[in-house]
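# Working through the structure, step by step
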Amino acid sequence: MTQVKAKKRLGQHFLNDLSIAERIADTLQDYRCLPTLEVGPGMGVLTNFLLDKGYDTRVVELDAESVGYLQAHEPRLDGRIIEADFLRIDLGELFPDGQSFTLIGNYPYNISSQIFFKLLDYRDRIPCCSGMLQREVAQRLASPPGKKAYGILSVFLQAWYDVEYLFTVNEYVFTPPPKVKSGVIRLVRNERKELGCDEQRFRRLVKTAFNQRRKTLRNSLKPLFGSDFDGYDRPIFGMRPEQLRVEDFIALTLLEESAGR
């Protein structure tokens, strides 16, 4: 079978620099004892290094042409290729009985944020997740408070993971080359077992705050706290959402709960 043709609708850009693929595989080296799931393997440049290094690897790939290529060229994946949309599969069925696993991939740019939202649903079973995505998105996920890149998904992920931006990848090492640079990140589960507040309220509050990120919280959070809330003189309400740590958002969620809204 010839090389797979990259499909724009699937956000495919095939990495052809083997040294970068090996560096990405090595991001999981402290979790070699766990099975790993690779998202969007394409023609298997990262997959080959995972297998060579002894990772118990399964791959999930939506593109039938890529699946056929892997079946023809990588016999070590026999029975380990899931032809499906990652966003639609039940990872609990794939890894039953509460089994922990790691997640890795050269993630399709068009669904990278959705992949990390799904990660959160399995946070207690995924101690480490790493991979490559559009640099702007990677920087956003790893951004600390106080930066323009800091946003909703930054807060959601950093509530449960330590997120590290590892290195930048230039456009010319892909076929076809994307129009933007890429970034490699690693997420390692932190020690937080629970937020200490209602998680749905927490998510709603974070989204509400960032939906009007140029406004102070005194203005952006009025739909949640109400115009008659008597605590708007607190210093935190004079801040903007990108200035707040995860703990500050938790504290605000508890305050909203106590306000009885």
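All values derive from a computational prediction rather than experimental measurement. (Residues numbered from 1 in each chain as written. Predicted model: local features only at pLDDT ≥ 70, side-chain atom pairs only at ≥ 80, totals over all residues. Heavy atoms only, no water.)

### Let's talk about the sheet that holds strand E3 (residues 57–61)
The seven strands are arranged E4-E3-E2-E5-E6-E9-E7 in an open sheet whose pairing can be described as mixed. Looking at strand neighbours, the two that pair on one side only are strand E4 (81–83) and strand E7 (161–169), the edges of this open sheet. The average undirected angle you get between the axes of adjacent strands in this sheet is 20 degrees. Where strand E6 (residues 128–134) meets strand E9 (residues 182–189), seven bridges bridge the pair, whose relative direction is antiparallel. Paired with Leu133 across the bridge in E9 is Gly183. Taken strand by strand, helix H2 (residues 45–52) contacts strand E2 (36–39), E3 and strand E5 (102–106), and its axis lies near 145 degrees from that of E5. This element, helix H5 (residues 112–121), spans E2, E6, E7 and E9 of the sheet and lies at about 165 degrees to E6. (Pairing = 2+ DSSP bridges. Helix = DSSP H or I, 4+ residues; strand = E, 2+ residues; numbered from the N terminus. Axes fitted to C-alpha atoms, helices over the stretch in contact; angles between N-to-C directions. Contact = heavy atoms within 4.5 Å.)

### Looking at the pairing of E3
For E3, the tally of buried residues reaches four of five residues, placing the bulk of the element in the interior. In terms of strand pairing, E2 meets E3 through four bridges, oriented parallel. Bridge pairing in E3 links Val39 to Val60. The β-α-β motif built from E2, the intervening H2 and the parallel element E3 has right-handed crossover chirality. One ladder, built from three bridges, connects E3 with E4; its direction is parallel. Looking at the pairing, Val59 lines up with Ile81 of E4. Between the parallel pair E3 and E4, the chain is carried across by helix H3 (residues 64–73), and the sense of this crossover is right-handed. (Buried < 20%, exposed > 50% of the residue type's maximum accessible area, 1.4 Å probe, protein only. Right-handed = clockwise from strand over helix to strand, strands pointing away.)

### Overview of the environment of Arg245
Structurally, the position occupied by Arg245 is in the loop between helix H10 (222–225) and helix H11 (246–258). When the C-alpha positions of Arg245 and Gln158 are compared, they lie 9.2 Å apart, and in sequence the two are 87 residues distant. Those residues within four positions of Arg245 in sequence are excluded, and the remaining contacts are Pro145 and Tyr150.

### A closer look at the packing of helix H1 (residues 18–25) against H2
Taken N-terminus to C-terminus, the directions of H1 and H2 make an angle of 55 degrees; their axes are 9 Å apart at the nearest point. With respect to each other, H1 and H2 are oriented oblique. Considering the relative orientation of H1 and H2, their crossing is right-handed. For the pair formed by H1 and H2, the contact residues are Leu18, Ala21, Glu22, Ile24 and Ala25 on the first element and Val45, Leu46, Phe49 and Leu50 on the second. (Parallel < 35°, antiparallel > 145°, perpendicular 65-115°, else oblique. Left-handed = near helix turned anticlockwise from the far one by under 90°.)

### Points about the pattern of salt bridges
For the coordinates displayed, the defined rule picks out 16 salt bridges. For Asp26, the salt bridge goes to Lys53, with nearest N and O atoms at 3.0 Å. Linking Asp26 in the loop between H1 and E2 with Lys53 in the loop between H2 and E3, this pair joins segments that are 27 residues apart in sequence. The partly exposed category is assigned to Asp26, whose relative accessible area is 24%. (Salt bridge = Lys/Arg side-chain N within 4 Å of Asp/Glu carboxyl O.)

### Description of the side chain of Glu256
Structurally, Glu256 can be placed in helix H11. Residue Glu256 is classed as buried on the basis of its relative accessible area, which comes to 0%. In this structure the side chain of Glu256 is engaged in a polar contact, spanning 2.5 Å, whose partner is the side chain of Arg204. (Polar contact = N/O pair within 3.5 Å; in protein donor to acceptor, adjacent residues only side chain to side chain.)

### A few points about unusual backbone geometry
In the segment running from Thr175 into Pro176, the intervening peptide bond is cis, with an omega of -10 degrees. With respect to the element layout, Pro176 can be found in the loop between strand E8 (174–175) and E9. Backbone geometry at Asp97 places phi at a positive 60 degrees, although glycine is not the residue there.

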